[in-house]
Amino acid sequence: MSKKVKVIPCSGMGKVYGLMARETALKVVSELCPEEAETICLAYVVTGDAEAREKIEGFRCITLDGCPKLCAAKNVPLAGGIVAKELRMVDVAKEFKGAKPGDATSLTEEGWQMVDHIAEMVVGLVKEIGKEA
Ligand code: SF4
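Cut-offs and rules
The residue numbering used here restarts from 1 in each chain and proceeds along that chain's sequence as written. For this predicted model, a pLDDT threshold of at least 70 governs which residues receive local features, and a threshold of 80 or more governs which side-chain atom pairs are given and counted, while totals over whole chains, interfaces and linings are taken from all residues. To obtain the side-chain values, all non-hydrogen atoms of the structure were included, while hydrogens and water were left out. Working definition: with a 1.4 Å probe on protein chains only, accessible area under 20% of the residue-type maximum means buried, over 50% means exposed, and in between means partly exposed. Working definition: helices are DSSP H or I runs of at least four residues, strands are E runs of at least two. Numbering for both runs from the N terminus. What makes two residues a contact is simply this: any of their non-hydrogen atoms within 4.5 Å. For two strands to count as paired, DSSP must find a minimum of two bridges between them. Note on method: axes are straight lines fitted to C-alpha atoms, helices fitted across the in-contact stretch only, with angles between N-to-C directions ranging 0 to 180 degrees. For the purpose of counting charges, residues Lys and Arg are taken to be positive, whereas Asp and Glu are taken to be negative. His and the chain ends are not included. One speaks of a salt bridge when a side-chain nitrogen belonging to Lys or Arg is within 4 Å of a carboxyl oxygen belonging to Asp or Glu. Within 3.5 Å is the distance limit for a polar contact, defined as a pair of N or O atoms, with the added protein rule that one can donate a hydrogen and the other accept it, and that residues adjacent in sequence qualify only through two side-chain atoms. Residues are counted as near a molecule or strand when any one of their heavy atoms sits within 4 Å of it. Under the convention adopted here, Pro, Cys and the residues Ala, Val, Leu, Ile, Met, Phe, Trp and Tyr are nonpolar, Asp, Glu, Lys and Arg are charged, and Gly plus all remaining residues are polar. Side-chain atoms within 4.5 Å link the members of a nonpolar core, which is a set of buried Ala, Val, Leu, Ile, Met, Phe, Trp, Tyr and Cys residues. Two aromatic rings, drawn from Phe, Tyr or Trp (for Trp, its six-membered ring), form a pair once their centres lie within 6.5 Å of each other, and the interplanar angle then sorts them: stacked below 30 degrees, edge-to-face above 60, tilted otherwise. For a ring to carry a charge above it, either NZ of a lysine or CZ of an arginine must fall within 6 Å of the ring centroid while also lying within 35 degrees of the normal to the ring plane. Seen with the strands pointing away from the viewer, any crossover whose path from the first strand over the helix to the second strand runs clockwise is right-handed.

(A) Spotlight on helix H1 (residues 16-32). Those residues of H1 lying buried are Val16, Gly18, Leu19, Met20, Ala21, Thr24, Ala25, Lys27, Val28 and Val29. Considering only its buried residues, H1 is in contact with strand S1 (5-9), strand S2 (37-38), strand S3 (60-65), helix H5 (89-93) and helix H6 (109-132).

Here it is in structure tokens:
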């Protein structure tokens, strides 16, 4: 079983912060630290897919949610995953006062800058959590 830290975004369709959560997760697992992190589709986790559950059960996860409903942070533990850190895009976005990140289907340059910033934060967390494992 893979020891990689799981980075799980909410599905966030229809909201720019959901799009940012997904883009951040993809950047981390495919570009910045593919050897140390991987992602799993939240829909599989929520619907009880056996393979998805097996991948997160007992493993440390970082959840990325678009809004305070925290769909990823709430559902990962229900499937047996351990939420080592939960991030809300909407909170991190507050650091970028006045920035316009885009809409539900595309990010602006400012939106991509926010994704880059959050992805760097997540990489730091992946390394920290990976050391503790
Ligand atoms: S956390 Fe918010 S943005 Fe993400 S899937 Fe749930 S309701 Fe949608």
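That was the structure; now back to the text.
(B) Layout of the sheet that holds S2. Overall, parallel pairing links the 4 strands, which are arranged S2-S1-S3-S4 in an open sheet. Since the sheet does not close on itself, it has two edges, and those belong to S2 and strand S4 (82-88), each with one partner. The sheet contact formed by S1 and S2 spans 2 bridges and is parallel. Bridging across to S2, Val5 finds its partner in Ala37. Contacting S1, S3 and S4, helix H4 (residues 71-78) crosses the sheet at an angle of about 150° to S3.

(C) Spatial organisation of the side chain of Asp65. Within the secondary structure, Asp65 is located in strand S3. Here Asp65 occupies a buried position and makes no salt bridge, while the nearest side chain of opposite charge, Arg88, is found at 7.7 Å. A polar contact of 2.8 Å, which involves the side chain of Asp65, links it to the backbone nitrogen of Ala72.

(D) View of the pattern of salt bridges. All told, the structure shown has 6 salt bridges when counted by the stated rule. The salt bridge partner of Asp116 is Lys27, with a shortest N-O separation of 3.3 Å. With a gap of 89 residues between them, Asp116 in helix H6 and Lys27 in helix H1 connect regions that are remote in the sequence. Under the relative-accessibility criterion, Asp116 is labelled partly exposed at 33%. For Lys27, a relative accessible area of 18% corresponds to the buried category. For Asp91, the salt bridge is made with Arg88, and the minimal N-O distance between the two is 2.7 Å.

(E) Quick peek at the site of the ligand. The full set of residues close to the ligand is Cys10, Ser11, Gly12, Lys15, Asp65, Gly66, Cys67, Lys69, Leu70 and Cys71. Considered class by class, the residues forming the shell around the ligand number 4 nonpolar, 3 polar and 3 charged.

(F) Spotlight on the nonpolar core. Counting 38 residues, the largest nonpolar core has Val7, Val28, Ile56, Ile62, Leu64, Val122 and Val126 as the members making the most contacts within it. For this core, the secondary structure elements donating two or more residues are S1, H1, helix H2 (42-46), helix H3 (50-56), S3, H4, H5 and H6. Per-element accounting of this core gives the leading share, 9 residues, to H6. Sequence-distant contacts of Val7, defined by excluding residues within four places in its chain, comprise Ala25, Val28, Val29, Ala37, Glu38, Thr39, Ile40, Ile62, Leu64, Val122 and Val126.

(G) Layout of the packing of aromatic side chains. Per the counting criterion, the structure on display carries 0 aromatic pairs. The ring of Phe59 carries Lys6 above its face, with NZ or CZ at 4.5 Å from the centroid.

(H) Layout of the pairing of S4. The pairing of S3 with S4 spans 6 bridges and is classified as parallel. Residue pairing for S4: Ile62 is matched across the bridge by Lys85. The β-α-β motif built from S3, the intervening H4 and the parallel element S4 has right-handed crossover chirality.

Note that all results are geometric; they support no functional claim without further evidence.
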